[in-house]
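# Descriptive analysis of the structure
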Amino acid sequence: MTAMDRAAGPRRPGYNYAFLDEATKREIRRKLLKAVAIPGHQVPFSSREMPMPPGWGTGGIQVTASLIGPSDVLKVIDQGSDDTTNAVSIRRFFAETAGVETTSSTRRASIIQTRHRVPETPLSEGQILVFQVPLPEPLRFLEPRESETRKLHALAEYGSAYVSLYEQVARHGRIAQSYDYPVMVGARYLMRPSPIPSFDNPKLDRSPALLLFGAGRERRLYAVPPYTSVESLSFEDRPFRIELPPRRCDLCGATDSFLDEIVADDAGTRIFACSDSEYCGERQRAQGLSVVAP
Amino acid sequence: MTLPATSLPTALAPEQPLLQVRGLTKDYGAGRGCRDISFTLWPGEILGIVGESGAGKSTLLDCLGGFAVPDAGRADYASRLFGPVEIFGLSEARRRRLARSEWGFVHQDARRGLRMSVSAGGNVGERLMAEGERHYGSLRARATDWLQRLELDADRIDDPPSQFSGGMRQRLQIARNLVTEPRLLLMDEPTGGLDLSVQARLLDLLRGLVRGLDLSAVLVTHDLGVVRLLCDRVLVMEGGRIVEEGLTDQVLEDPQHPHSQRLVASILPV
């Protein structure tokens, strides 16, 4: 048990279940069904004012609020960690307004709301991963007009997406994009996977879990249903590659996880530690170490 | 002897026009736009459209290029991809497909036709990528080749056009259009705004390319010198209508319509 684990409890009076009113939640669920039916396609929705500023995960919160029920177990992570400000406040928001059980365990959670990471522990069938998305439009780099990007999606004209990859290879000798790396979903729609590191892109491909994306400010929802192909864009002679420093986690020794570089003391000592705090803690426990949070 | 219809050559019999425009009208009101324009463009031919500012030349070209929707009229085009098509009735998907593979559009202002923040190589490669080219090495090789064919320094392949001079931008825009080897090039004052020596060099290049690639082109200009150098035939427009049509030499040496006569008379003797 950690501070993130809390049993289901009473709700704060004076609010509807999970904050949003029932009509709004129904509208979001309807749009989510449409998003699931057209994998990778951005569906507009009537994003509401939330008790936090846009940019703090209002899209993800609205998706979670529309789905969550008394039997759900919620996990919230921010940059992989369960105990950063954003994760703590969103988790408490749902503990208070929906009275649900919360956890830090990736395995136990039925809904995981995330910002900027996919958990290291593989997801399973029946789980839902909710992404907070700042910018949903993958073609914005080259096309500022929304009317035009919609047309490009409708006609599946994705040549311009390769222009930005071309520019990176021309400039840096390789595809240098290390996060928010564009993907093709179901060989049809080009999608921004939210600013997850490209390290996480392979985890989206044919994931057994349902992946939902909510962009609150931009008022868009999109989804990747379970077992849908998610392919990172690349050139034939410049294949998609994950580049990681040849390091291991200084806390748990993991070599297969995404590491954060952390300044550990006033002398400027740097350590590398798993960005996924729960994964790192589990591994430390399994080795009989006393758990240190990154 | 009559042949059965099926044995006739289909899309590209040499005697078949590439583009046939009938009754094209785009009225912006107050006399602006173009009215009842009809002409035929044959394979390998360069057709000049001349007239004063406001004569409707650019409107006509915008309609053909898909930047404006005409009020009336039709344009039949012999497509390599789809066979004979009427371009205003095409689905958006097909029209865009044609526009990026079989047609080219050269804007007077190169900034309209280029991505100014993207490198020259990216600009030239974009149409290839849109057509499905996914090999970086071959994109690079073809971009280099086309830069050289337009006498641009291949070393500048990674520079953005914002660092290019006006003449270089215009050549880059042409390279970007020609890379998919289009059949029909629509050009709106391609030499406008360039100084005379740069114009001359660009025209020389264009003449060589158009002949070498067996392109057909519609060239809108108010510069009769450009017409004389490049065009096989010329249409003279005034007030949105065609007032005279003929072989270039014929129209320039012996203009019949008063408006054409005024245009020809206004050429500065050098």
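Residues numbered from 1 in each chain as written. Chains lettered and ligands numbered in written order. Predicted model: local features only at pLDDT ≥ 70, side-chain atom pairs only at ≥ 80, totals over all residues. Heavy atoms only, no water.

As named in an unreviewed UniProt entry, chain B is Putative phosphonate transport system ATP-binding protein, taken from Tistlia consotensis USBA 355.

An unreviewed UniProt entry annotates chain A as Alpha-D-ribose 1-methylphosphonate 5-phosphate C-P lyase originating from Tistlia consotensis USBA 355. Listed in UniProt under the heading Function (unreviewed entry), the comment for chain A reads: "Catalyzes the breakage of the C-P bond in alpha-D-ribose 1-methylphosphonate 5-phosphate (PRPn) forming alpha-D-ribose." UniProt lists a comment for chain A under the heading Sequence similarities (unreviewed entry), and it reads "Belongs to the PhnJ family." (UniProt positions renumbered as here; feature names shortened; annotations may be inferred.)

## Re the overall build of chain A
Within chain A one finds 7 helices and 12 strands. Radius of gyration (C-alpha) of chain A: 19 Å, near the 19 Å computed for a compact globule of 294 residues. When the backbone C-alpha atoms are referred to their principal axes, chain A occupies close to 50 × 50 × 35 Å. Counting the 294 residues in chain A, one finds 54% classified as buried. (Helix = DSSP H or I, 4+ residues; strand = E, 2+ residues; numbered from the N terminus. Rg over C-alpha atoms; globule rule 2.2 N^0.38 Å. Buried < 20%, exposed > 50% of the residue type's maximum accessible area, 1.4 Å probe, protein only.)

## Observations regarding the domain arrangement of chain A
All names here are of chain A. Examined at the domain level, chain A breaks down into domain 1 (22–138 + 183–232) and domain 2 (244–294). Computed from C-alpha atoms alone, the centre-to-centre distance between domain 1 and domain 2 is 25 Å. Across the boundary between the two partners, domain 1 contributes 15 residues, which contact 11 residues of domain 2. Between domain 1 and domain 2, a total of about 950 Å² is buried, with carbon and sulfur atoms accounting for 49% of that surface. Area buried by domain 1 at its contact with domain 2 is led by Arg117, Glu120 and Phe199, which between them contribute 45% of it. Across the domain 1-domain 2 interface, the total number found is 0 salt bridges. (Domains from an automatic or database assignment. Contact = heavy atoms within 4.5 Å. Buried area = accessible area lost by both parts, 1.4 Å probe. Salt bridge = Lys/Arg side-chain N within 4 Å of Asp/Glu carboxyl O.)

## Quick look at the interface of chain B and chain A
On the chain A side, the residues contacting the 21 residues of chain B number 19 residues. A combined buried area of about 1800 Å² lies between chain B and chain A, and 58% of that area is made up of carbon and sulfur atoms. In terms of surface lost to chain A, no three residues of chain B exceed Arg96, Arg134 and Tyr136 of chain B, which account for 40% of the buried area on that side. Between chain B and chain A we count 4 salt bridges in total. One salt bridge in this structure joins Glu148 of chain A and Arg96 of chain B, with 2.8 Å as the shortest N-O distance. Across the contact surface, chain B and chain A share 12 residue pairs in polar contact (both at pLDDT 80 or more). Contributing elements (two or more residues each) for the side of chain B that touches chain A: helix H2 (92–101), helix H4 (120–130) and helix H5 (136–149) of chain B. (Polar contact = N/O pair within 3.5 Å; in protein donor to acceptor, adjacent residues only side chain to side chain.)

## Brief notes about the nonpolar core
One finds Tyr166 and Phe235 of chain A together with Val124, Trp146, Leu150 and Leu172 of chain B to be the most contacted residues of the largest nonpolar core, which totals 65 residues. The greatest single-element share of this core, amounting to 7 residues, is contributed by helix H5 (residues 159–172) of chain A. Setting aside residues no more than four positions away along its own chain, Leu172 of chain B makes contact with Leu114, Ala120, Val124, Leu147, Leu152, Pro161 and Phe164 of chain B. Core analysis: the next-biggest nonpolar cluster, separate from the first, contains 30 residues, Cys63, Ala68, Leu186 and Leu235 of chain B among them. (Core = buried A, V, L, I, M, F, W, Y, C linked by side-chain atoms within 4.5 Å.)

## Things to note about helix H4 (residues 146–154) of chain A
All of the buried residues in H4 of chain A are Glu148, Thr149, Leu152 and His153 of chain A. Buried residues of H4 of chain A, viewed axially, fall in a sector of 140°; they line one side. Turned more than 90 degrees away from the buried face of H4 of chain A sit Ser147 and Ala154 of chain A, all of them exposed. Taken together, the buried residues of H4 of chain A touch H5 and strand E7 (189–191) of chain A together with H2 of chain B. Immediately beyond the C-terminal end of H4 of chain A, within one or two residues, lies Ala156 of chain A, with a positive phi of roughly 55°. (Arc of directions from axis to C-beta.)

## Points about the UniProt feature "domain: ABC transporter" (unreviewed entry) in chain B
Under the UniProt annotation, the feature "domain: ABC transporter" (unreviewed entry) is placed at residues 19–264 of chain B. Measuring from the first to the last C-alpha atom of residues 19–264 of chain B gives 27 Å, for a span that is 40% helix and 26% strand.

## So, the environment of Ala72 of chain B
Within the element layout of this structure, Ala72 of chain B appears in strand E4 (residues 72–79). In this structure, the C-alpha to C-alpha distance between Ala72 of chain B and Arg22 of chain B, residues 50 residues apart in sequence, is 9.1 Å.

## A short note on the side chain of Asn177 of chain B
All names here are of chain B. With respect to the secondary-structure elements, Asn177 resides in helix H6 (residues 166–178). A relative accessible area of 5% means that Asn177 is categorised as buried. Here the side chain of Asn177 touches Phe105 through a polar contact of 2.9 Å, landing on its backbone nitrogen. With residues up to four places along the chain from it excluded, the contact list for Asn177 reads Gly104, Phe105, Val106, Arg127, Pro182 and Leu185.

## Focus: the sheet that holds strand E8 (residues 210–215) of chain A
Residue and element names in this part refer to chain A. Read from one edge of the open sheet, 7 strands run E1-E9-E8-E5-E4-E2-E3, paired in mixed fashion. Each of the sheet's edge strands pairs with one partner strand only, and the pair in question is strand E1 (43–44) and strand E3 (101–102). Two elements, strand E2 (residues 73–78) and strand E4 (residues 111–115), share 5 bridges in a ladder whose sense is parallel. Considered in E4, the bridge of Ile77 is made with Thr114. Each of E1, E8 and strand E9 (220–224) is contacted by helix H1 (residues 22–37), which is oriented at about 45° to E9, the strand it contacts most. (Pairing = 2+ DSSP bridges. Axes fitted to C-alpha atoms, helices over the stretch in contact; angles between N-to-C directions.)

## A word on the domain arrangement of chain B
Residue and element names in this part refer to chain B. By the assigned domains, chain B splits into domain 1 (19–102 + 182–265) and domain 2 (119–181). For domain 1 and domain 2, the distance between their C-alpha centres works out to 25 Å. When domain 1 packs against domain 2, the two sides together hide about 1500 Å² of surface, and 63% of this comes from carbon and sulfur. Its largest share of buried area at the contact with domain 2, domain 1 owes to Arg100, Pro182 and Leu205, together 34% of the area lost on that side. Scanning the region where domain 1 abuts domain 2 turns up 3 salt bridges.

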